[in-house]
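What the coordinates show
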Amino acid sequence: PTAHIGVTGLAVMGSNLARNFARHGHTVAVHNRTTARTKALIDEHGHEGNFVPAETPEEFVASLIKPRRLIIMVKAGDPTDAVIDEFAPLLDEGDMIVDGGNAHFHDTLRREKALRERGIHFVGTGISGGEEGALNGPSIMPGGSAESYKALGPLLESIAAKAPDGSPCCTHIGPDAAGHFVKMVHNGIEYADMQLIAEAYHLLRAVAGYEPGRIAETFRSWNTGRLDSYLIGITAEVLAHTDAATGRPFVDVVADAAEQKGTGRWTVQTALDLGVPVSGIAEAVFARSLSGHTDLREAAAGLPGPAAGGLSPEAAEEFADRVEAALYASKVVSYAQGWNMMAAASSEYGWNLDLGAMAAIWRGGCIIRAAFLDRIRGAYRADPALPSLLADRRFADELGRAQDAWRAVVTTAAGHGVPTPGFAAALAYYDSLRAERLPAALTQAQRDFFGAHTYRRVDAGGSYHTRWSGDRGEERTG
Ligand code: NDP
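Reading guide: rules and limits
- Residues numbered from 1 in each chain as written.
- Predicted model: local features only at pLDDT ≥ 70, side-chain atom pairs only at ≥ 80, totals over all residues.
- Heavy atoms only, no water.
- UniProt positions renumbered as here; feature names shortened; annotations may be inferred.
- Buried < 20%, exposed > 50% of the residue type's maximum accessible area, 1.4 Å probe, protein only.
- Helix = DSSP H or I, 4+ residues; strand = E, 2+ residues; numbered from the N terminus.
- Arc of directions from axis to C-beta.
- Near = heavy atom within 4 Å.
- Polar contact = N/O pair within 3.5 Å; in protein donor to acceptor, adjacent residues only side chain to side chain.
- Nonpolar A, V, L, I, M, F, W, Y, C, P; charged D, E, K, R; others polar.
- Pairing = 2+ DSSP bridges.
- Right-handed = clockwise from strand over helix to strand, strands pointing away.
- Expected span 1.5 Å × (residues − 1).
- Salt bridge = Lys/Arg side-chain N within 4 Å of Asp/Glu carboxyl O.

An unreviewed UniProt entry annotates the protein chain as 6-phosphogluconate dehydrogenase, decarboxylating of Streptomyces orinoci. Quoted straight from UniProt, the Catalytic activity (unreviewed entry) entry for the protein chain says "6-phospho-D-gluconate + NADP(+) = D-ribulose 5-phosphate + CO2 + NADPH".

Below is the structure:
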């Protein structure tokens, strides 16, 4: 055997990953259920490095140096189980199966446990950056055992994106499903980021009266500051693009119904199970789903909105600056929520996640790469047990400075009838967390009234019930 690593599943992601390994000097075994794909890869890209094509699983496994390192890059879900069932019997103790697909972390927990019992390391690995990233450097989030990372880490780090400081965007995330979990949260944060950017665009268009070309310029200038990120960059590109067929701004010819593949939804479902408020991600998932409900939108199309006037050019410029502040502040809140979710899962599943590490490996290769992540890394470096990003002095100061503009934007948006679920939810989260008293006291009293669910008092320990339907006396219940 001569191959350092093998890739089975040679659709776009698998072939690009295999080429990336080969280009970095590793000998790569390649296999695909339909052999035509394997042949096509060798015909078109065989000259890029050392490939060992295999027609059968047996041939593929036999070509790998022990302990074997095998990456599965097939359709997520049942196909992944089918491929595991096919290959696992051919492997020996100590071999490693890496699942680089977008698996749900519950599936990864199940698969890891089953394979561990057979002495095989199962390494659920999040890979971000799409097909371009797979070829030129993705952000890689491997879970699984620390032992497997010793054998896999150097290979994975060699093909990963490099952060601006040159460090690889790959690190051992934690045991079993930790890698797929943080990849899911990454995607959830990506949904929130995209929604916030969309709201900023909508406000600049509908309230400031800017045309898409002008908004592209605004985004470009934002991209030189604290909002510097891949997503802001591509937003400017999209907004500056003109549709060839009609000569209209491209954004105006795209149907306004956003689709989703499901990782955002998984993030919110999981957050509900963990009891972590991720309102920014949830609003983003709901906004996409709402946009696709043509039936509901048509039924409501005639409802009245406000008669709001336009802004003067000076007022529009001032407003645009405020939108930048609101966007930044809301973004900080979304990231804070995403990080809280990772912290909660870390305790729930015993992963012992290094929360700063995620910020480090998302600085390159992935969709949410941004200058800003260095700041998050710094915050967790200063205090690894930081309860929330909002508790970091620098972020807290920034939100404090942004809050007037943030409030003004949400107010103006409501006044003009422009929906900003992301900005508004982020502001509500900020105000909820900093509130001295929340109306949750009233909620508890109501629960005790109709269901005898009991409440705690601010001035004494224990739990209490008031006899609401009787003499309204209070009794201690625990
Ligand atoms: P697809 O998700 O389209 O999957 C196609 C591949 O799966 C083909 O190689 C196909 O083989 C194989 N396959 C499907 N069913 C089976 C089966 N029952 N047994 C064996 N092989 C099977 O490919 P992509 O390259 O788009 O994605 C691969 C994985 O990467 C997916 O899990 C996807 O979610 C994830 N992904 C990740 C992205 C990222 O940015 N991280 C982006 C895109 C995808 P055949 O040729 O024989 O049909």
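The next thing to look at is helix H2 (residues 35-45). Those residues of H2 that sit buried are Thr38, Leu41 and His45. Across the axial projection of H2, the buried residues extend over an arc of 75°, all falling on one side. Those residues of H2 that are exposed and aimed more than 90 degrees away from the buried face are Ala36, Lys39, Asp43 and Glu44.

This part is about the site of the ligand. In the vicinity of the ligand, 21 residues are found, and the nearest of them are Met13, Asn32, Thr34, Arg37 and Ile127. Between the ligand and the protein, one listed contact pairs an oxygen atom with a side-chain N or O atom of Arg33 at 3.0 Å. Separating an oxygen atom of the ligand from a backbone N or O atom of Val74 is a distance of 2.9 Å. Counting residues per element, the ones that place at least two in the shell around the ligand are helix H1 (12-23) and helix H4 (78-87). When its residues are assigned to classes, the shell around the ligand shows 10 nonpolar, seven polar and four charged.

Our next topic: the pairing of strand E4 (residues 69-72). Burial along E4 is two-sided: the face carrying Arg69 and Ile71 and the face carrying Leu70 and Ile72 are both buried. In the sheet, E4 pairs with strand E5 (residues 96-99) via four bridges, with the strands oriented parallel. Within E5, the residue paired with Arg69 across the bridge is Met96. Each parallel crossover has a hand, and for E4 linked through H4 to E5 it is right-handed.

Below, the discussion takes up helix H8 (residues 178-206). Between its terminal C-alpha atoms H8 stretches 42 Å, which fits the 42 Å expected from 29 residues at 1.5 Å a residue. Across the 29 residues that make up H8, a large majority, 24, are buried.

Once that is clear, we can look at the pattern of salt bridges. Here the structure, examined in full by the defined rule, presents 31 salt bridges. In this structure, a network of salt bridges that share partners links the residues Asp81, Asp99, Asp107, Arg110 and Arg111.

In the UniProt entry, the feature "domain: 6-phosphogluconate dehydrogenase C-terminal" (unreviewed entry) is given for residues 179-469. Helix makes up 66% of residues 179-469 and strand 2%, with an end-to-end C-alpha separation of 52 Å.

The amide bond that connects Lys66 to the next residue, Pro67, takes the cis arrangement and shows omega of -10°. Within the secondary structure layout, Pro67 lies in the loop between helix H3 (57-62) and E4. You will see that Asp176, though not glycine, has its phi angle at about 30°, which is positive. Following the sequence through the fold, Asp176 ends up in the loop between helix H7 (146-159) and H8. Its relative accessible area of 16% is what places Asp176 among the buried residues. Positioned with a positive phi, Ala452 is a non-glycine residue whose angle comes to about 50°. Turning to its location among the elements, Ala452 is positioned in the loop between helix H20 (440-451) and strand E8 (455-456). Owing to a relative accessible area of 43%, Ala452 belongs among the partly exposed residues under this scheme.

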